[in-house]
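Spelled out, the chains give:
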Amino acid sequence: MMSINQLNEMYEALEPKHERYGQFFVNRFIGHPWPELFYQEDREKAQGLIIQWLVDNQHEGCLPQFSKHWEAHLEEEKNG
């Protein structure tokens, strides 16, 4: 699945890692609370939840756009 490969590449490029795998996905792509994934410490379980979400939301081929919350975060960081 291309989208999960893209996510894995993004996550692996993150240094240092201050976020869990599921937390990384929720923060960037979901835009609303998903505690089960956000707090999941087991990466394989988190990946299973993410894959199911990607399939359910028809994002097998590519990741969704960043959430509005994440876009605002990026803009805030850029502007200092």
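We now turn to the structure provided with this report. Everything quoted here is computed from the prediction, not taken from an experiment.

On to the pattern of salt bridges. Pairing is possible between side chains of opposite charge, provided their charged atoms come close. For the structure shown, the criterion picks out four salt bridges. A salt bridge links Lys17 to Glu15, with the shortest nitrogen-to-oxygen separation between them at 3.4 Å. When the shortest N-O distance is used, the salt bridge between Glu75 and Lys78 registers 3.7 Å. Of this pair, Glu75 and Lys78 both sit in helix H5 (residues 68-79), three residues apart, which is roughly one turn of that helix.

Now for H5. For H5, built from twelve residues, the straight-helix expectation of 16 Å at 1.5 Å per residue is met to within 8% by its first-to-last C-alpha distance of 16 Å. Counted residue by residue, H5 has one buried out of twelve residues, so it is predominantly exposed. Following H5 by one or two positions, Gly80 has its phi on the positive side, about 85 degrees.

Now for unusual backbone geometry. Omega for the peptide link from Glu15 to Pro16 comes to -10 degrees, which places this bond in the cis form. Turning to its location among the elements, Pro16 is positioned in the loop between helix H1 (2-13) and helix H2 (21-30). Positive phi outside glycine occurs at Gln58, with the angle close to 55 degrees. Relative to the assigned elements, Gln58 resides in the loop between helix H4 (43-56) and H5. A relative accessible area of 69% places Gln58 in the exposed class.

About the cut-offs
- Residues numbered from 1 in each chain as written.
- Predicted model: local features only at pLDDT ≥ 70, side-chain atom pairs only at ≥ 80, totals over all residues.
- Heavy atoms only, no water.
- Salt bridge = Lys/Arg side-chain N within 4 Å of Asp/Glu carboxyl O.
- Helix = DSSP H or I, 4+ residues; strand = E, 2+ residues; numbered from the N terminus.
- Expected span 1.5 Å × (residues − 1).
- Buried < 20%, exposed > 50% of the residue type's maximum accessible area, 1.4 Å probe, protein only.

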